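# A look at the structure
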Amino acid sequence: MKMTIGYKGCDKDFEYRLAEINFDEENEKESELARRLTFFLERVKGYSIDHPVNGYLSCEVENMDEYKEFKDDYKEAKKMILDCMKYGF
């Protein structure tokens, strides 16, 4: 499984909007990437990231515009962290 990001909007049974990140918890590289992404997005970008179940991270967003902003921050952080991991940092 490859790490993916998606959007879940409100409906009759769900009253929140979420940015959802799915990853393979069994894959050591993805698990480490998820741990580092969570740290970066919370500490540097100020998001509140939830990790309710294995292989799943979420962040509540206000609307699609905020999701797009989160997605851009996620992509930037993911690229930076993967580069760091590649060179042993």
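Residues numbered from 1 in each chain as written. Predicted model: local features only at pLDDT ≥ 70, side-chain atom pairs only at ≥ 80, totals over all residues. Heavy atoms only, no water.

On to the pairing of strand β4 (residues 56-61), then. With respect to burial, β4 is a largely interior element, 5 of its 6 residues being buried. As paired elements, strand β3 (residues 50-53) and β4 share 2 bridges and run antiparallel to each other. The residue bridging aspartate 50 from the neighbouring strand is serine 58, located in β4. As consecutive antiparallel partners, β3 and β4 are separated by 2 residues, and within that stretch glycine 55 has a phi angle of approximately 80°, a positive value. (Buried < 20%, exposed > 50% of the residue type's maximum accessible area, 1.4 Å probe, protein only. Helix = DSSP H or I, 4+ residues; strand = E, 2+ residues; numbered from the N terminus. Pairing = 2+ DSSP bridges.)

As a further point, take the sheet that holds strand β2 (residues 17-22). Strands belonging to one sheet form pairs held by backbone hydrogen bonds; the direction of such a pair is parallel or antiparallel. Read across the open sheet, the 4 strands follow the order β1-β2-β4-β3; overall the sheet is antiparallel. Because the sheet does not close on itself, it has two edges, and the strands there are β1 (4-8) and β3. The sheet shows a mean angle of 30° between the axes of neighbouring strands, taken without regard to direction. Running over the sheet, helix α2 (residues 64-86) touches β1, β2 and β4 and is turned about 170° from β1. (Axes fitted to C-alpha atoms, helices over the stretch in contact; angles between N-to-C directions. Contact = heavy atoms within 4.5 Å.)

Moving on: the pattern of salt bridges. Under the defined criterion, the tally for this structure stands at 4 salt bridges. Among the ionic pairs, glutamate 32 bridges to arginine 35, the shortest N-O distance being 2.6 Å. Taken together, the positions of glutamate 32 and arginine 35, both in helix α1 (residues 28-43) and 3 residues apart, correspond to about one turn of that helix. Relative accessible area serves as the criterion here: at 23%, glutamate 32 is assigned to the partly exposed category. In this structure, aspartate 83 engages lysine 79 in a salt bridge whose closest nitrogen and oxygen atoms are separated by 3.4 Å. Here aspartate 83 pairs with lysine 79, and both are found in helix α2, just 4 residues apart, close to one helical turn. Its relative accessible area of 35% is what places aspartate 83 among the partly exposed residues. (Salt bridge = Lys/Arg side-chain N within 4 Å of Asp/Glu carboxyl O.)

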